[in-house]
Structure formats: structure tokens, C-alpha cells
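One letter stands for each residue in the lines below.
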Amino acid sequence: MAEEDKNGAAEGLPPPPPVPPDFTPAKSELEPVKKKAALRLPMARRGLGNKGQKIQILTNHFKVNVTNVDGHFYHYSVALFYEDGRPVDGKGVGRKVLDRVHETYDTELAGKDFAYDGEKSLFTIGALPRNKMEFTVVLEDVTSNRNNGNSSPAAHESPNENDRKRLRRPYQSKSFKVEISFAAKIPMQAIANALRGQESENSQEALRVLDIILRQHAAKQGCLLVRQSFFHNDPKNFVDVGGGVLGCRGFHSSFRTTQSGLSLNIDVSTTMIIQPGPVVDFLIANQNAKDPFTLDWAKAKRMLKNLRVKTSPTNQEYKITGLSERSCREQTFTLKQKGKDGEGDEITVYDYFVNHRNIDLRYSADLPCINVGKPKRPTYFPIELCNLVSLQRYTKSLSTFQRSSLVEKSRQKPQERMQVLSNALKINKYDAEPLLRACGISISSNFTQVEGRVLSPPKLKTGGDDFVPRNGRWNFNNKRLVDPTKIERWAVVNFSARCNIQGLISDLIKCGKMKGIIVEDPFDVFEESPQFRRAPPLVRVEKMFEAVQSKLPGAPKFLLCLLPERKNCDIYGPWKRKNLAEFGIVTQCIAPTRVNDQYITNVLLKINAKLGGLNSMLTVEHAPAIPMVSKVPTIILGMDVSHGSPGQSDVPSIAAVVSSRQWPSISRYRASVRTQSPKVEMIDNLFKHASDTEDEGIMREALLDFYVSSGKRKPEHIIIFRDGVSESQFNQVLNIELDQIIEACKFLDEKWSPKFTVIVAQKNHHTKFFQPGDPNNVPPGTIIDNKVCHPRNYDFYLCAHAGMIGTTRPTHYHVLYDEIGFSPDDLQELVHNLSYVYQRSTTAISVVAPICYAHLAATQMGQWMKFEDTSETSSSHGGVTNAGPVTVPQLPKLEEKVSSSMFFC
């Protein structure tokens with residue numbers, strides 16, 4: 001190598017060949033350029049930051065000691081069959097079957113305890129006597145937790161046969177064959193290795209076993225399990241959020257490897273469940289009806305499918321498969337007579353229950369029956385005999401009203417949360433769990449203490465003096481905006497909102513003047529004609545546009561749109577789409593309820609940003625003096641994918657990529673938004689090879705816009721902030737998404753090789769921070785990169801915002817890749833600064849602005865295509881299966897005039 005270098009330098013050869021797109025720079029000195037470089041892996045920590053004022057902090061990680069490091073976990077595969085050899089496909093019955101195996105065959109299993117995941121994996125500490133074992137067990141009354149057709153007793157028989165059998169013997173027993181076969185051996189030593197930063201397949205598996213032990217511990221107490229969160233069936237933990245939905249409080253607990261060793265992370269968690277009790281009460285609440293006779297039964301049927309009920313008086317449990325076509329007093333079935341062969345008599349369900357079973361029915365006669373049978377052989381029960389079982393998850397997305405109600409009822413101040421967590425540790429009695437004891441695991445009851453640092457807030461620039469925000473917030477009282485625009489050639493449209501429009505306009509003009517925005521008089525106010533008030537949203541928008549076009553001399557530059565309701569107004573999506581996709585008109589929707597100075601100022605901040613102005617900026621951005629960013633052209637990207645709710649299987653996911661423009665600014669952004677296959681987390685349109693000369697991908701748009709808006713400069717640094725991916729997907733971000741981005745760069749210019757930094761931001765984790773002896777949340781700017789962070793990888797927690805209500809949720813940043821070469825302090829400072837450039841508010845926000853903007857852009861354009869209606873049919877209590885690939889409808893493109901605007905602000 002040395003010789004080559006020498007010769008190369010001496011003879012002045014042409015420059016070396018370009019580096020291929022996925023080359024790993026770490027090895028560049030050692031190896032000649034290869035065609036396909038090794039997979040990129042998340043980078044190791046470069047060191048700790050030092051800036052900021054030190055502060056002592058407690059965190060909800062509890063230290064774990066492991067003494068049995070020489071032991072092994074043995075992994076076995078579990079297969080369950082019915083006695084006729086059919087595999088058991090229902091979930092939920094597995095735990096009961098294996099509990100029975102454990103009781104019945106204790107000696108054959110050498111008295112070993114299992115850790116069973118409820119499905120196909122079972123773990124023991126030390127080996128079982130044989131590598132392959134078969135057992136047969138009998139279960140009485142098989143109704144699984146998630147009840148499944150096969151295991152619902154006598155579901156396919158007529159009610160009376162059911163009934164006779166039940167009178168003869170109360171339970172129907174079923175026998176199961178269980179095969180347990182050896183799969184793998186996992187050394188516990190792997191946990192110790194992971195703590196030293198040597199992660200492996202084994203260490204991840206070993207931690208998974210520990211988490212499965214926690215799940216099983218909770219399952220034995222009758223909890224609902226949702227991944228690593230556990231919910232007890234205790235009405236004290238339920239809060240009603242409206243619509244027949246309850247928030248159920250429980251706990252998250254999982255083992256984490258950290259710099260200071262193994263820790264148990266315990267946090268408060270909430271999941272949504274269906275209101276248990278009479279089916280009718282649930283439906284009335286769900287549809288907000290006055291009584292059962294005004295219910296929409298088509299909607300009820302979709303809502304109830306796959307839910308579990310207990311029927312009185314026998315208390316049997318079934319899964320709902322549907323509703324009867326006709327009412328209880330009209331729906332008939334064939335009643336077979338005892339001891340008589342042949343046809344039997346047609347009889348109504350009502351008649352059967354009232355006259356044959358002597359059960360008094362108060363209100364079911366004219367309502368549909370609940371069907372718990374098979375499609376060909378229904379089994380009907382009058383609705384009033386059916387009670388919904390507790391702890392059944394509700395997986396549809398919550399309405400705005402339910403969401404705000406949930407937040408209000410479930411938030412906890414930091415001190416209260418600490419108290420709840422301390423109690424949780426006592427209640428859970430993990431020291432009594434035999435499997436944890438066998439691992440030699442003991443768990444401390446103290447919150448781990450860590451040292452945090454509070455970064456000082458960045459100086460901001462407005463139209464007048466620079467100022468330093470206090471406690472993560474500031475205001476524009478007596479301040480001009482740093483780059484105010486002019487609101488001209490504009491009009492107001494009013495979709496039947498009640499409001500003093502003239503007052504609103506004069507407020508906008510007056511307030512705008514103080515902020516430096518010149519607001520001209522609007523051209524006109526367009527009131528919706530009363531005849532369209534009840535028309536479908538698309539029609540209302542069309543008619544309004546016809547009115548605007550007929551009166552205005554040319555296209556307006558800006559439209560202020562008044563909507564009749566504040567949230568989820570169905571005009572919003574079509575209106576935005578019409579303006580932004582068809583006409584390229586900037587528009588601001590408002591639903592004015594309480595109009596005051598603060599409200600008007602906030603509206604003006606949004607309008608100013610959308611029209612291309614800037615409200616405030618960082619002083620270092622103006623100077624420009626941001627390390628690694630201000631010296632060479634740098635583009636900052638925010639990337640996010642938003643999905644439909646878990647109950648919607650067929651709603652396209654929406655990918656948004658926000659990119660900075662007008663370098664050296666880091667406060668101005670544009671967005672590209674695309675749809676992609678449902679529930680796919682990786683963004684698939686970053687590079688889209690259409691032909692040899694055409695790339696229709698998202699990155700090309702972003703890079704060309706940067707080039708044009710930054711004085712014909714190509715970015716030499718590309719900083720990527722990626723939201724919403726879990727640790728298991730980091731490698732995909734680094735190898736699939738980053739490759740696509742590099743390809744898009746090469747497609748624009750083969751010789752161009754910018755440097756990349758990739759940072760993932762996570763908010764849905766369970767690490768929380770508390771101030772010892774202080775009832776308040778940690779101060780804005782608190783950063784933690786020691787003790788509870790990853791043993792090897794480069795991550796840190798930042799609370800940039802002032803947590804006003806509840807307990808602050810820190811953002812967990814993972815630096816996966818950094819060719820640019822930031823020092824830890826400079827990188828943390830940049831992330832902190834990017835929490836202060838959000839143009840919609842006068843506060844620091846909890847996650848960097850480009851990611852917030854990506855959320856906003858995806859959400860807004862998602863409203864353009866209302867998918868909700870298509871998906872109501874697939875209730876997901878039993879999971880949804882999709883036949884074949886679905887063609888994903890494309891979003892319309894933004895009209896050129898607004899394509900680079902901050903329309904999402």
C-alpha cells in the first residue's frame with residue numbers, strides 16, 4: 001500500500017475512481033475501493049458532551065444484578081395440535097395448554113419452570129431431560145383469551161343442543177397434543193458481553209428471554225399484555241374517554257442494557273379498551289345514541305365483530321361473528337326435538353329463550369340477535385343476554401375529543417408518577433418470580449441517579465434586538481418579525497362560521513402592523529350560500545371556488561378560510577387540496593372561537609411562514625456561525641412515515657421528507673409527500689428510477705430546490721433526521737434509505753460525493769427523568785448521555801422543551817452515522833438549536849423542527865385523501881388479512897407556486 005501511495009503521488013496520476021454509493025469510509029485507508037461495501041452498522045459513541053450546567057437527575061431505570069452468568073437459556077419450539085392432528089391456530093389457548101403440561105408432567109420435565117411467549121417459543125434455564133418431547137393434555141372449557149372459532153364450545157350447534165349438552169355436563173373438554181423440540185442454546189454470558197458493548201444475536205435473544213419472563217409473570221396475574229406493557233383487570237385503572245372506549249392504566253417493564261449495566265425500565269402505560277358490560281350499553285355510548293332503537297346496526301356489526309362476550313345465565317364465553325339479519329322475535333332457527341329424528345320445528349329466537357328457557361327478555365325482542373356461530377351454522381343470543389368481556393383492546397384511532405379527554409385524565413405530575421412507579425415495583429414482586437431467581441437476578445428498588453447537563457438556550461433574532469428565550473419560551477410583544485411578508489391580493493371565504501368578520505380583518509391589519517406585516521384590505525368576503533350548507537364537502541368547496549373565480553379579477557395570492565368547526569372539519573382536506581394542488585394559492589384555515597391578540601398573532605406567524613417570510617431565527621444562523629453547517633453548503637432533512645391506526649389495514653402510509661433551503665439558513669424548509677404501501681416503515685420513493693435520464697424520487701426534488709435556493713450550490717453535507725423507527729430498523733435506515741439517497745445524488749452528478757450524518761429521533765420509549773426533591777419537570781435544554789444510554793452506540797436524551805403538564809417525555813436521539821465528523825458538543829448543540837426554529841410557536845419544541853414539519857406535512861396531505869371511510873369495515877380485534885398487494889392511490893402534486901412553500905406551517 002505504502003509503495004502504491006508513493007508512486008501515485010510521484011507520477012501525478014489522475015484522481016482515484018469515485019467512491020461507490022455504499023462505501024464505508026471507516027475502512028478507506030486500508031482497502032482498495034470495492035464494488036459492494038460491507039453493510040453499514042450504527043456507529044460507536046465518540047465521547048460525551050461537556051457543555052451546559054451540571055444537574056442531578058433521577059430516572060425510572062432500576063439497577064439489575066445478575067449472578068448466574070455461567071448458566072444457559074435453552075430455547076424450544078412449541079407445536080400444538082388438536083386430537084385429530086389439526087394444528088391449533090387460535091392464539092391465547094397456548095398458555096392454558098402449557099400451564100396444564102407443566103402441572104401434569106412435572107416429573108418428566110425434571111421440575112423445570114418455563115418461560116413461554118404464548119405462541120411458538122419456550123425457554124428454560126438449563127436443559128430439559130430430552131431434546132424432543134410429546135405430551136397430551138385435556139382442558140375443560142376451552143375458551144381462549146382471544147377466543148377462536150375452533151375452541152368455542154359447541155358454537156356450531158343450535159342453541160338448544162348447546163343448551164342440552166350444557167345441562168348434561170357444564171364444560172366441554174378438549175384434548176391437545178403438545179410437541180416441544182430443542183431449538184437453540186443461549187449463554188447468559190451474552191448479557192454480560194452486551195453490557196461491555198459487544199452486542200450479538202445471542203445477547204438480544206437472552207434479553208428477549210428476560211422480557212418474556214416479565215410477560216409471563218403478568219399473564220399469570222390475568223393481565224392484558226400489549227408487547228411489554230401489562231394491564232390488570234381493575235376498574236380503578238379505567239378512565240372513560242367517551243364513545244364506549246376506556247383508557248386502561250398499566251405498566252411497561254422491560255430489561256435494557258445501559259452504560260452502567262443491566263436495568264429494568266418501568267413506566268406508566270395506557271392502552272385503549274372496549275367498555276365492558278352489556279353490549280347495548282357499549283353500542284349506545286359508541287354511537288352516542290339515545291336508546292337501542294336508534295342505533296345504526298350496520299355500524300354496530302362492524303364494531304362488534306371479533307369481540308368476546310359472556311352470555312347469561314350460563315356465563316359461557318364466545319366470540320361475536322355477526323348479527324342476525326332479522327330481529328329477535330322474527331329470526332327463526334330449527335329446534336330439534338329430543339329423541340326425535342328428522343326435521344324439527346322452526347321457532348323464533350325470542351320464543352325459544354322466553355318459552356323454552358323461561359328467560360325474561362325486557363328489550364331484545366325488536367333488536368337483532370348476536371351471532372356467535374360459524375358462517376354456515378349461526379348461533380343466536382338475544383342482545384340483552386350478552387356482556388362484553390373486560391380488557392379487550394380498542395384499536396381504531398381516537399377522535400380528537402377522545403384524545404384530549406384521555407390526555408386530561410391520564411396525565412401525572414412528575415412526583416405523582418414517581419410514587420406510582422415505586423409502588424408498581426413493590427406490587428409486581430419480581431423477586432418472587434422463580435425464573436428470575438434462577439437467573440440470579442435481583443432488582444434494586446431505587447431510581448437510578450444520573451448526571452444531566454442543562455444547555456443554555458440559543459440567542460434568537462427578530463426584527464429588532466436579539467434576545468435569549470427564558471424557560472424555553474418567548475413572545476412577540478412589541479417585537480417585529482425578522483422577515484415579515486406582505487399580505488396582498490387576498491380574500492376571506494366563510495363556510496358558515498359565526499364570526500364578526502370585519503372585526504377579525506381589522507384585528508389582523510392592526511396586529512400585522514405591529515409585527516411589521518403589511519396587511520392590505522381584503523378584496524372581498526365570500527359568504528357560503530345557505531343552500532350549500534348541508535351539501536357534501538367537495539360540493540361546498542367547488543361552489544365556493546366558483547364564487548371566488550367569478551368575482552376576482554385574477555387568482556388571489558392568499559385566501560383566509562373560516563371553518564364552522566375547530567377539529568376534523570370535513571371541508572379542510574378538500575379545501576387545502578383545491579388551493580394547493582390545483583391553483584397554487586396559499587391558504588390559512590381558522591375556526592375562530594375566542595379571538596384575542598395572542599390568537600391573531602399566532603395566525604399571523606403561520607401566514608407569514610407560508611408566504612415565505614420568517615418569524616425569528618437563530619443569531620448563529622444569521623452570523624453565520626454554526627459549526628460544520630455554516631462553512632460549507634449543508635442541507636438538513638426531516639423524514640417521517642405516518643400510518644393509519646392499527647385497526648386500519650388498507651390505509652396507505654404517508655411518507656414525508658422535509659428539506660432545508662436557502663443555505664446558510666436552517667429555519668426555512670419545504671416538503672415532499674408521497675403515499676406508499678400500508679404499514680411500510682421504510683420510505684420507498686427517495687430515489688425512483690423512471691428512465692435513464694429521469695428520477696421521480698423525493699430526494700431529487702429536495703436537492704434541486706436546495707441548489708436553486710442556495711445560489712447554485714450543491715450540499716456538501718447532508719444531515720438526516722429520521723423519525724419513528726425502532727432499533728430493529730436502524731440497519732435498514734442505514735443501508736436501504738441512505739443508499740437510495742446516495743443513488744439520487746449520484747444520478748444528479750456521478751462525481752458528487754457529499755458527506756452524511758444520520759440521526760434517528762424516538763419519542764415512544766419509556767425512559768423518563770425527574771428532579772430529586774423538586775415537583776417540576778427537568779428544565780428545558782436538559783441533556784443526558786451517560787449511565788442510562790447505550791453501552792456502545794452513540795445516543796443521548798434531550799428535553800428541549802418546558803414540560804408544562806404531566807411528565808416530560810424526553811426525545812431519544814441515536815446518531816447512527818457521522819461522516820461529517822461533529823464533536824459530541826457541536827452535534828448536541830445543533831439538535832438543541834433545531835428545537836428553536838419552529839415557526840408556528842414561540843417555544844422550544846420537544847423534537848427538532850424538520851421532524852415536526854414532516855409530521856405536519858404528512859398529516860395535512862393525508863387529509864386530502866380521506867381514507868377513513870374505506871377502512872371502517874375491517875375491525876381488527878381479530879387481526880386483518882389482506883388478499884394480495886393493494887394499489888396505493890397517489891397524492892396529487894403541489895402546484896408549482898407553492899411547491900417550495902412552508903404550506904404545512
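Below you will find a few notes about this structure. (Residues numbered from 1 in each chain as written. Predicted model: local features only at pLDDT ≥ 70, side-chain atom pairs only at ≥ 80, totals over all residues. Heavy atoms only, no water.)

### Points about the overall build of the chain
Here's step 1: When helices and strands are counted, the chain shows 21 helices and 41 strands.
Here's step 2: Counting the 905 residues in the chain, one finds 55% classified as buried.
Here's step 3: The contacts of the chain with a sequence gap of at least 6 include a subset with a gap of at least 24, amounting to 74%.
Here's step 4: For the chain, the exposed surface amounts to about 40,600 Å²; the carbon and sulfur share of it is 50%. (Helix = DSSP H or I, 4+ residues; strand = E, 2+ residues; numbered from the N terminus. Buried < 20%, exposed > 50% of the residue type's maximum accessible area, 1.4 Å probe, protein only. Contact = heavy atoms within 4.5 Å. Areas by Shrake-Rupley, 256 points an atom, 1.4 Å probe, with all protein chains shown as cover.)

### Concerning the side chain of Ser630
Here's step 1: Relative to the elements of secondary structure, Ser630 occurs in the loop between helix H16 (619–622) and strand E31 (634–642).
Here's step 2: In terms of polar contacts, Ser630 uses its side chain to reach the backbone amide nitrogen of Ala625, at 3.4 Å.
Here's step 3: Polar side-chain contacts of Ser630 include one of 2.7 Å to the backbone nitrogen of Ile626. (Polar contact = N/O pair within 3.5 Å; in protein donor to acceptor, adjacent residues only side chain to side chain.)

### Details of unusual backbone geometry
Here's step 1: Along the chain, Ser312 connects to Pro313 via a cis peptide bond; the corresponding omega equals 5°.
Here's step 2: Here Pro313 is to be found in the loop between strand E13 (308–311) and strand E14 (316–319).
Here's step 3: Note the cis peptide between Trp663 and Pro664, where omega equals 10°.
Here's step 4: Within the element layout of this structure, Pro664 appears in the loop between strand E32 (653–660) and strand E33 (669–676).
Here's step 5: The phi torsion at Arg227 lies on the positive side, around 50°, for a residue other than glycine.
Here's step 6: Structurally, Arg227 is set in the loop between strand E7 (224–226) and strand E8 (229–231).
Here's step 7: With relative accessibility at 66%, the residue Arg227 sits in the exposed group.
Here's step 8: Of note, the phi angle at Asn306 is positive, near 75°, even though the residue is not glycine.

### Topic: the packing of helix H6 (residues 279–287) against helix H7 (residues 297–304)
Here's step 1: Packing of H6 against H7 brings their axes to within 11 Å, and their N-to-C directions diverge by 115°. Between H6 and H7, the crossing angle belongs to the class labelled roughly perpendicular. Two packed elements cross with a definite hand, and for H6 against H7 that hand is right-handed. For the pair H6 and H7, contact is made by Val279, Phe282, Leu283, Asn286 and Gln287 and by Trp297, Lys299, Ala300, Met303 and Leu304, respectively.
Here's step 2: Grouping the amino acids of the contact of H6 with H7 by side-chain chemistry returns 7 nonpolar, 2 polar and 1 charged. (Axes fitted to C-alpha atoms, helices over the stretch in contact; angles between N-to-C directions. Parallel < 35°, antiparallel > 145°, perpendicular 65-115°, else oblique. Left-handed = near helix turned anticlockwise from the far one by under 90°. Nonpolar A, V, L, I, M, F, W, Y, C, P; charged D, E, K, R; others polar.)

### What to know about the pattern of salt bridges
Here's step 1: The full count for this structure, using the stated rule, is 38 salt bridges.
Here's step 2: Ionic pairing is found between Lys897 and Glu895, a salt bridge with its closest N-O pair at 3.5 Å.
Here's step 3: For Lys897, a relative accessible area of 60% translates into the label exposed.
Here's step 4: One continuous salt-bridge network, built from bridges that share partners, spans Arg661, Arg670, Arg674, Glu701, Asp705 and Lys893. (Salt bridge = Lys/Arg side-chain N within 4 Å of Asp/Glu carboxyl O.)

### Considerations on the packing of helix H12 (residues 501–515) against helix H15 (residues 597–610)
Here's step 1: Two numbers describe how H12 lies on H15: the axes approach to 10 Å, and their chain directions differ by 70°. It follows from the interaxial angle that H12 and H15 lie roughly perpendicular. For the pair H12 and H15, the contacting residues are Leu504, Asp507, Leu508, Cys511, Gly512 and Lys515 in the first and Asp597, Ile600, Thr601 and Leu604 in the second.
Here's step 2: In terms of residue class, the contact of H12 with H15 is made up of 5 nonpolar, 2 polar and 3 charged.

### Some remarks on helix H20 (residues 849–864)
Note on helix geometry: an α-helix contains 3.6 residues per turn, so any two residues three or four positions apart are oriented the same way.
Here's step 1: Between its terminal C-alpha atoms H20 stretches 23 Å, which fits the 22 Å expected from 16 residues at 1.5 Å a residue.
Here's step 2: In terms of residue burial, H20 counts as a mostly covered element, since 13 of its 16 residues are buried. (Expected span 1.5 Å × (residues − 1).)

### As for the environment of His61
Here's step 1: Within the secondary structure, His61 sits in strand E1 (residues 53–66).
Here's step 2: For His61, a relative accessible area of 1% corresponds to the buried category.
Here's step 3: Considering only alpha carbons, one finds His61 and Val788, 727 residues apart in sequence, at a separation of 7.5 Å.
Here's step 4: Those residues in contact with His61 that sit more than four places away from it in its chain are Arg256, Thr258, Ser263, Leu264, Asn265, Asn446, Phe447, Thr448, Thr767 and Val788.

### A word on the packing of aromatic side chains
Here's step 1: Considering all chains together, one arrives at 22 aromatic pairs under this definition.
Here's step 2: Geometrically, the ring pair formed by Trp490 and Phe558 is tilted, given 6.0 Å between the ring centres and 40° between the ring planes. Taken together, the positions of Trp490 in strand E25 (residues 490–494) and Phe558 in strand E28 (residues 558–562) put the pair 68 residues apart, joining distant regions of the chain.
Here's step 3: Residue classification places Trp490 among the buried residues on the basis of a relative accessible area of 2%.
Here's step 4: Lys177 extends its terminal NZ or CZ atom over the ring of Phe81, reaching a point 5.4 Å from the ring centre. (Phe/Tyr/Trp six-rings, centres within 6.5 Å; stacked < 30°, edge-to-face > 60°. Lys NZ or Arg CZ within 6 Å of the ring centre and 35° of its normal.)

### Remarks on the sheet that holds strand E23 (residues 466–467)
Here's step 1: The strand order across the open sheet formed by 3 strands is E23-E22-E30, and the pairing between neighbours is antiparallel. Both outer strands of the open sheet, E23 and strand E30 (617–618), are each paired with one neighbouring strand and no more. (Pairing = 2+ DSSP bridges.)

### Thoughts on the sheet that holds E14
Here's step 1: The 4 strands lie next to each other as E12-E20-E13-E14, forming an open sheet whose pairing is antiparallel. What marks the edges here is a single partner per strand, and that holds for strand E12 (277–278) and E14.
Here's step 2: Pairing of E13 with strand E20 (residues 386–388) involves 3 bridges; the strand directions are antiparallel. Following the sheet pairing, Thr311 is matched in E20 by Cys386.

### Comments concerning the side chain of Lys576
Here's step 1: Here Lys576 is to be found in helix H14 (residues 572–583).
Here's step 2: One buried charged residue, Lys576, forms no salt bridge at all, with the nearest opposite charge on Glu895 at 15 Å.
Here's step 3: Those residues within four positions of Lys576 in sequence are excluded, and the remaining contacts are Ala581, Thr587, Cys589, Lys610, Gln860 and Trp864. (Lys, Arg positive; Asp, Glu negative; His and termini not counted.)

### Describing the pairing of strand E5 (residues 132–139)
Here's step 1: Burial of the side chains of E5 is restricted to one face: Met133, Phe135, Val137 and Leu139 are buried, whereas none of Lys132, Glu134, Thr136 and Val138 on the reverse face is.
Here's step 2: Relative to strand E6 (residues 174–187), E5 runs antiparallel, the two being bridged by 8 bridges. Looking at the pairing, Lys132 lines up with Ser181 of E6.

### Thoughts on the pairing of strand E29 (residues 586–590)
Here's step 1: Within E29, 5 of the 5 residues are buried, which leaves it mostly tucked inside the rest of the structure.
Here's step 2: Residues Val586, Gln588 and Ile590 point to one face of E29 and Thr587 and Cys589 to the other, with burial holding for every one of them.
Here's step 3: In this sheet, E29 lies alongside E28 in parallel orientation, the contact comprising 5 bridges. Paired with Cys561 across the bridge in E29 is Cys589.
Here's step 4: Note on the crossover from E28 through H14 to E29: the handedness is right-handed. (Right-handed = clockwise from strand over helix to strand, strands pointing away.)

### Notes on the environment of Pro780
Here's step 1: Within the secondary structure layout, Pro780 lies in the loop between strand E38 (769–770) and strand E39 (782–784).
Here's step 2: You can call Pro780 buried: its relative accessible area is 11%.
Here's step 3: Apart from residues lying up to four places away in sequence, Pro780 is in contact with Val454, Leu455, Asn471, Gly472, Cys799, Ala800, His801 and Ala802.

### Brief notes about the environment of Tyr813
Here's step 1: One can find Tyr813 in strand E41 (residues 811–818).
Here's step 2: For the pair Tyr813 and Arg722, spaced 91 residues apart in sequence, the C-alpha to C-alpha distance is 9.6 Å.
Here's step 3: The contacts of Tyr813, once residues within four sequence positions are left out, are Ile759, Val760, Ala761, Tyr794, Asp795, Phe796, Leu798, Val831, Ser846, Val847 and Val848.
Here's step 4: A polar side-chain atom of Tyr813 sits 3.2 Å from the main-chain amide nitrogen of Val848.

### Focus: H15
Here's step 1: Between its first and last C-alpha atoms H15 spans 20 Å; for 14 residues at 1.5 Å apiece the expected length is 20 Å, and the two agree.
Here's step 2: In terms of burial, H15 is largely enclosed, as 10 of its 14 residues are buried.
Here's step 3: Within H15 the residues assigned to the buried category are Ile600, Thr601, Val603, Leu604, Leu605, Lys606, Ile607, Asn608, Ala609 and Lys610.
Here's step 4: The secondary structure elements touched by the buried residues of H15 are strand E24 (486–487), H12, E28, H14 and E29.
Here's step 5: Of the residues flanking the end of H15, it is Gly612, one or two places downstream, whose phi is positive at about 100°.

Read these as spatial facts, not as claims about activity.
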